[in-house]
Amino acid sequence: SADMFCSVFCRWYWQKEKREPYVKFMEANYPPGFSYEDFGPLFTAEFFDPNQWADILKASGAKYVVLTSKHHEGFTLWGSKYSWNWNAVDVGPKRDLVAELATSVRNRTDLHFGLYHSLFEWFNRLFLEDATNAFKTRKFPTSKSLPELYEIVTKYQPEIIWSDGDGNAPDTYWNSTGFLAWLYNDSPVRDTVVTNDRWGAATICSHGGFYTCRDRYNPGHLVGHKWENCLSIDRGSWGFRRDARLGDLLSTRELLQQLVETVSCGGNLLLNIGPSHDGRVALAFEERLRQVGAWLGVNGGAIYGTKPWRAQNDTATPGVWYTFSPKEGKVNAIFLNWPVSGTLELGEPRAKLGETQVRLAGYKELLKWVALEENGMVIALPQLTPQQLPCQWGWTLQLTDVN
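Because the structure is a prediction, the values reported are computed rather than measured. (Residues numbered from 1 in each chain as written. Predicted model: local features only at pLDDT ≥ 70, side-chain atom pairs only at ≥ 80, totals over all residues. Heavy atoms only, no water.)

## Re the UniProt feature "domain: Glycoside hydrolase family 29 N-terminal" (unreviewed entry) in the protein
The UniProt record marks residues 10-300 with the feature "domain: Glycoside hydrolase family 29 N-terminal" (unreviewed entry), using the residue numbering of this structure. From the first C-alpha to the last, residues 10-300 spans 38 Å; its make-up is 37% helix and 11% strand. (UniProt positions renumbered as here; feature names shortened; annotations may be inferred. Helix = DSSP H or I, 4+ residues; strand = E, 2+ residues; numbered from the N terminus.)

This is the structure we're talking about:
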């Protein structure tokens, strides 16, 4: 988006809520009468290199990417016919950023390409008019939101539509069911597309392909429907902040903890980064993405293609999370703290003498273990120097032939 200093909600905080720090910042740093629209030409994207972005995404180990094609302030990153003079082709970069990233991702990676799209727009007069009429009129969805959705699907054929921002209007106002019926039955992506659950007031967490329930949704227990934990590396923002401090960013350890907990409980992780107005991925973001990818290079077998096991986390030792690999019939125990004693007690698996085998992902030899009387087992971890450890931040034990 075109926000420069105060990130994603700048326009709302500054112009609608008139929050003092935002108003003062604008008065101190921009000329009198400077409007939000004046940010448009300043959003330049001169360093945007979609190939570089695609390479970073690939290196992160991600399986899909979702680009914000339009947020609540209405600026579209493609040359939309329905967003006249408020889009990245007419204003600012003078480039179709959606097309460029879609092409690079498809040419250079195996990632599925998805698009986020905000249904409503804070300051669109048609939406405000409909809202005043208690959504009995539908000028905005028929002339703006729906045509845009049909346009991005037809033009870019995204495999994920991540809808957001229902503006407290019901799905009937948005005609979400009409659009989704077309999407799943007649659209060019009908056989591959998946969608989330944000299609109107009261649909979230109850209708849709996968549930998002809320931002940073991590229930910590098994959920009966496919779900996604979407969180931002910057704790304080979904966009780029020039005033962010290093402590505001989640560490790689914290990100991996989120990933492991999420996958154990049947969810996917959608990790957000805010690029800068000139099109760069901040180096601190890139480093974290590459580190997560390096960890997945060793432990991906415990994440990709897995299902939740009968237990999500261990009863005896905290910080141990389970997944199940159905193809290999393996139970994966991911532990986030290397025990001082050199032995790890697991309360959940029931081991069988002479049958159960235990391996450490990224380490060649089988590990020794003993079964406990009632339930569980104690595993002797190899004595390794920090240099010999297969990875940092967390490790996977692969258990075969356990009950």
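And the narrative resumes.
## So, the environment of valine 223
Among the secondary structure elements, valine 223 is positioned in the loop between β4 (194-195) and β5 (227-232). The sequence separation of valine 223 and cysteine 265 amounts to 42 residues, and the corresponding C-alpha distance is 6.5 Å. Ignoring any residue separated from it by four or fewer positions in sequence, one finds valine 223 in contact with Tyr217 and Cys265. (Contact = heavy atoms within 4.5 Å.)

## Re the nonpolar core
Within the largest apolar cluster, 104 residues are counted, with the highest numbers of intra-cluster contacts made by Phe179, Leu183, Trp295, Leu346, Leu397 and Leu399. Per-element tally for this core: the top contributor is helix α6 (residues 139-156), with six residues. If sequence neighbours within four positions are ignored, leucine 183 has contacts with Val153, Ile161, Val189, Arg190, Val193 and Thr195. Core analysis: the next-biggest nonpolar cluster, separate from the first, contains seven residues, Val66, Phe210, Cys230 and Leu270 among them. (Core = buried A, V, L, I, M, F, W, Y, C linked by side-chain atoms within 4.5 Å. Buried < 20%, exposed > 50% of the residue type's maximum accessible area, 1.4 Å probe, protein only.)

## Comments concerning the domain arrangement of the protein
According to the domain assignment, the protein consists of domain 1 (1-37), domain 2 (38-302) and domain 3 (307-400). For domain 1 and domain 2, the distance between their C-alpha centroids amounts to 23 Å. Residue-level contacts link 22 residues of domain 1 with 20 residues of domain 2. Taken together, domain 1 and domain 2 are joined by zero salt bridges. Put simply, domain 1 and domain 2 have seven residue pairs in polar contact (both at pLDDT 80 or more) between them. (Domains from an automatic or database assignment. Salt bridge = Lys/Arg side-chain N within 4 Å of Asp/Glu carboxyl O. Polar contact = N/O pair within 3.5 Å; in protein donor to acceptor, adjacent residues only side chain to side chain.)

## Some remarks on the packing of aromatic side chains
Evaluated as defined, the whole model comprises 33 aromatic pairs. With a centroid separation of 5.8 Å and an interplanar angle of 40°, the aromatic rings of phenylalanine 179 and tryptophan 182 are classed as tilted. Here phenylalanine 179 and its partner tryptophan 182 are both found in helix α8 (residues 176-185), three residues apart, which amounts to about one turn of the helix. Centroid distance tryptophan 309 to tyrosine 322: 4.9 Å. Interplanar angle 55°. Geometry classified as tilted. Of this pair, tryptophan 309 sits in the loop between α10 (283-299) and β7 (320-325) while tyrosine 322 is found in strand β7, placing the two residues 13 residues apart along the sequence. Through a chain of ring-to-ring contacts, the aromatic side chains of Trp14, Phe25, Tyr30, Phe34, Tyr36, Phe39, Phe43, Phe75 and Trp86 assemble into a single cluster. Its end group placed over the ring of tyrosine 13, arginine 19 keeps NZ or CZ at 3.7 Å from the ring centre. (Phe/Tyr/Trp six-rings, centres within 6.5 Å; stacked < 30°, edge-to-face > 60°. Lys NZ or Arg CZ within 6 Å of the ring centre and 35° of its normal.)

## Things to note about the layout of surface pockets
The gaps of empty space that remain are located by a probe, the size of a water molecule, rolled over the atoms. One number sums up the size of the second largest pocket: a volume of about 320 Å³. For the second largest pocket, the lining is made up of 17 residues, of which Glu121, Phe123, Asn124, Arg125 and Lys144 are closest to its centre. Elements with a contribution of two residues or more to the lining of the second largest pocket: α5 (125-132) and α6. Partitioning the lining of the second largest pocket into residue classes produces six nonpolar, five polar and six charged. (1 Å grid on protein atoms, 1.4 Å probe; cavity = no way out; pocket = protein on both sides within 12 Å on 5 of 7 lines; lining within 4 Å. Points joined across faces, edges and corners; volume = space filled by probe spheres on them. Nonpolar A, V, L, I, M, F, W, Y, C, P; charged D, E, K, R; others polar.)

## Some thoughts on the UniProt feature "site: May be important for catalysis" (unreviewed entry) in the protein
UniProt's entry tags Cys230 with the feature "site: May be important for catalysis" (unreviewed entry), counted in the numbering of this structure. By secondary structure assignment, the location of cysteine 230 is in strand β5. A relative accessible area of 4% means that cysteine 230 is categorised as buried. With sequence-adjacent residues up to four places away left out, cysteine 230 is seen in contact with Trp162, Arg198, Asp215, Arg216, Trp238 and Leu270.

## Focus on α8
Of all the positions in α8, only Ser176, Phe179, Leu180, Trp182 and Leu183 are classed as buried. Looking straight down α8, one finds its buried side chains confined to an arc of 160°; they lie on one side. The exposed residues of α8 that point more than 90 degrees off its buried face are Thr177 and Asn185. Where α8 is buried, its residues touch α6, β3 (160-164), α7 (171-174) and β4. (Arc of directions from axis to C-beta.)

## Focus on the packing of helix α3 (residues 50-59) against α10
Interhelical geometry of α3 versus α10 gives an angle of 40° and a closest axis separation of 7 Å. The angle between α3 and α10 falls in the class oblique. Each of Gln52, Ile56 and Ala59 in α3 lies in contact with α10, whose residues at this interface are Glu286, Leu289, Arg290, Gly293 and Ala294. For the contact of α3 with α10, the residue count by class is four nonpolar, two polar and two charged. (Axes fitted to C-alpha atoms, helices over the stretch in contact; angles between N-to-C directions. Parallel < 35°, antiparallel > 145°, perpendicular 65-115°, else oblique.)

## With respect to the sheet that holds β4
In spatial order, the strands read β1-β2-β3-β4; together these four strands make up an open sheet with parallel pairing. The two strands at the open ends of the sheet, each matched to only one other strand, are β1 (64-70) and β4. The strands touched by helix α4 (residues 97-108) are β1 and β2 (112-118); relative to β2, the strand with the most contacts, the crossing angle is about 160°. (Pairing = 2+ DSSP bridges.)

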